[in-house]
Amino acid sequence: MHLSEAAEPVFARHETFHPRYGWFRKAYVAATADPRVFASEDAPVRLGVGKNMVRAIRFWGLAAKVVVEVPDPDARSGRKPTIVKPTRFGEALFGEDGWDPWMEDPASLWLLHWRLLARPCRLPVWWLALCDFNAVEFEVEDLGRSVMTQLRSVPDWKEPSESAVEKDLSAFMRTYGPTSRTGRETVDDAADCPLRELRLVGRSEATGAHRYKLGLKPTLAPAVAAHAVLDWIARTGLTGQTITLERIVAESGSPASVFKLNAADLFTALTPAVEVTDSLDFTTPTGVPQLSWKGDVATAAAELLSEHYGVVPLDPIAGPLSDEPTGRSDESEEDNEAEDVLTRLHVRQARRDGRRGR
């Protein structure tokens, strides 16, 4: 996938602030309480942050797709013509009966990391740094030159200023990279930016250069890895019911590139999730591992997270529909879907309990 297909030409909209602890949830809670809160004059008081941070929280909420900007149905002269509402995904994760309202599960950090890079991505510089930059070890200056070269070649995109790209790279490194040359971080560092806990970027002991951490990640839950693959399939519109692991790894912007996994790593990461759901399976008809699925990939993706968290939200959805605002009119259909998912979870739990009893 090319950058222009995966991302929007958005640069340095974060006011130089990287995502802080609690900001994703704060964006969801604020938009739920008042869709016009981010445009209100008293937003700094209501959110308890500075004026620039209000804009940053709004941006990071939009970037992670926990909130979405929609036309204001009551827009009047002098009022901003858009409002910010929680998305179906935001409700599923942070709602009162959501998967992980207080971000207590490390898997939720990987989930948000995936959402930041998933199509449509509001962080094209980050997308290039993770999905289209082949070096494992790097200096920030080299990464910046590579990113700038790529951006200049995107058709129909206005070339961003170097200062805007530098701000995005700075936010990227502060979000994922170590804060010192030794690679060690303090509790305050992790609290400052929770995504640093993913340890995607470290330091080379030999050279001191920055280094992407390749391979399996201890806190990447199999359900989140599988969910991300299915969510990616739903977003890219791939047809059929199978895909090879090699293709997932080869595609820029796939969870394999976002999580820095090769085909063997991806197989290992997905296997536990495949074993606990009837919707997924591994096949090797030509000797090459393929992931196959039954039915709608978005439903299967949401079901995996519901099983992992042990909670079935009222709107269990993934793919592009998960980016839509809450409050659709077909609530009865959604309730039935949630009830069907819950029933399947109870059946599988009963089976597991029965096996343990034997």
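Please read these numbers as outputs of a predicted model, since none were measured by experiment.

Colleague: Sorry if this is basic, but what is going on with the overall build of the chain here?
Modeller: Assigned secondary structure in the chain consists of 16 helices and eight strands. Within the chain, buried positions represent 50% of all 358 residues. A separation threshold of at least 6 residues defines the contact pool for the chain, and within that pool the share at least 24 residues apart is 67%. A total accessible area of about 16,600 Å² is found for the chain, and carbon and sulfur atoms account for 50% of it.

Colleague: Teacher, can you tell me more about the sheet that holds strand S6 (residues 242-244) here?
Modeller: Within a sheet, each strand pairs with its neighbour through backbone hydrogen bonds, oriented either parallel or antiparallel. Pairing in this open sheet of three strands is antiparallel, and the strands run S6-S8-S7 from one edge to the other. The open sheet is flanked by S6 and strand S7 (280-283), the only strands paired with a single partner. Neighbour-to-neighbour, the strand axes of this sheet turn through a mean angle of 25 degrees, independent of strand direction. Bridge count between S6 and strand S8 (residues 290-293): three bridges; the pairing is antiparallel.

Colleague: What should I look at first to understand the pattern of salt bridges in this one?
Modeller: Pairs may arise between side chains of opposite charge once their charged atoms sit close together. In this structure the tally under the stated criterion is 13 salt bridges. For Arg 58, the salt bridge is made with Glu 69, and the minimal N-O distance between the two is 2.2 Å. Residue Arg 58 is located in helix H4 (residues 51-63), and its partner Glu 69 is located in strand S1 (residues 67-71); the two are separated by 11 residues in the primary sequence. For Arg 145, the salt bridge goes to Asp 142, with nearest N and O atoms at 2.3 Å.

Colleague: Is there a simple way to explain the side chain of Ser 322 in this structure?
Modeller: Position of Ser 322 relative to the elements: it lies in the loop between helix H15 (297-309) and helix H16 (331-357). A distance of 3.0 Å separates polar atoms of two side chains, one belonging to Ser 322 and the other to Arg 115. When sequence neighbours within four positions are dropped, the list of residues in contact with Ser 322 reads Thr 87, Arg 88, Phe 89, Arg 115, Arg 235 and Ile 317.

Colleague: I'm lost on the packing of aromatic side chains in this one. Help?
Modeller: The description of an aromatic ring pair uses the distance of the two centres, along with the angle that the planes make with each other. Considering all chains together, one arrives at 15 aromatic pairs under this definition. Ring geometry for Phe 11 versus Trp 157: centroids 6.3 Å apart, planes at 80 degrees, classification edge-to-face. On the criterion of sequence distance, the pair formed by Phe 11 in the loop between helix H1 (3-6) and helix H2 (23-33) and Trp 157 in the loop between helix H8 (140-152) and helix H9 (162-176) is long-range, its members being 146 residues apart. The same class applies to Phe 11 as to Trp 157, namely buried. Centre to centre, the rings of Phe 138 and Tyr 212 are 5.0 Å apart; their planes meet at 35 degrees, and the pair counts as tilted. You can see Phe 138 sitting in strand S3 (residues 137-138) and its partner Tyr 212 sitting in strand S5 (residues 210-212), a full 74 residues away along the chain. Overall, the relative accessible area of 3% leaves Phe 138 in the buried class. Cluster of aromatic residues (ring-pair linked, three or more members): Phe 59, Trp 60, Trp 126, Phe 172 and Tyr 176.

Colleague: Looking at this model, I keep getting lost on the environment of Ser 40. Mind explaining?
Modeller: Within the secondary structure layout, Ser 40 lies in the loop between H2 and helix H3 (43-47). Taking the C-alpha atoms as reference points, Ser 40 and Lys 80, 40 residues apart in sequence, are found 9.8 Å from one another. In this structure the side chain of Ser 40 is engaged in a polar contact, spanning 3.5 Å, whose partner is the side chain of Arg 46.

Colleague: Is there a simple way to think about helix H11 (residues 222-236) in this case?
Modeller: Within an α-helix, residues lying three or four positions from one another point in the same direction, as the helix has 3.6 residues per turn. Taking 1.5 Å per residue as the helical rise, H11 with its 15 residues ought to reach 21 Å, and the 21 Å between its terminal C-alpha atoms agrees with that figure. Every buried residue belonging to H11 is among Ala 223, Val 224, Ala 225, Ala 226, His 227, Ala 228, Val 229, Leu 230, Asp 231, Trp 232, Ile 233 and Arg 235, and all of these are buried. Gly 237 lies just past H11 and shows a positive phi near 75 degrees.

Criteria and thresholds
- Residues numbered from 1 in each chain as written.
- Predicted model: local features only at pLDDT ≥ 70, side-chain atom pairs only at ≥ 80, totals over all residues.
- Heavy atoms only, no water.
- Helix = DSSP H or I, 4+ residues; strand = E, 2+ residues; numbered from the N terminus.
- Buried < 20%, exposed > 50% of the residue type's maximum accessible area, 1.4 Å probe, protein only.
- Contact = heavy atoms within 4.5 Å.
- Areas by Shrake-Rupley, 256 points an atom, 1.4 Å probe, with all protein chains shown as cover.
- Pairing = 2+ DSSP bridges.
- Axes fitted to C-alpha atoms, helices over the stretch in contact; angles between N-to-C directions.
- Salt bridge = Lys/Arg side-chain N within 4 Å of Asp/Glu carboxyl O.
- Polar contact = N/O pair within 3.5 Å; in protein donor to acceptor, adjacent residues only side chain to side chain.
- Phe/Tyr/Trp six-rings, centres within 6.5 Å; stacked < 30°, edge-to-face > 60°.
- Expected span 1.5 Å × (residues − 1).

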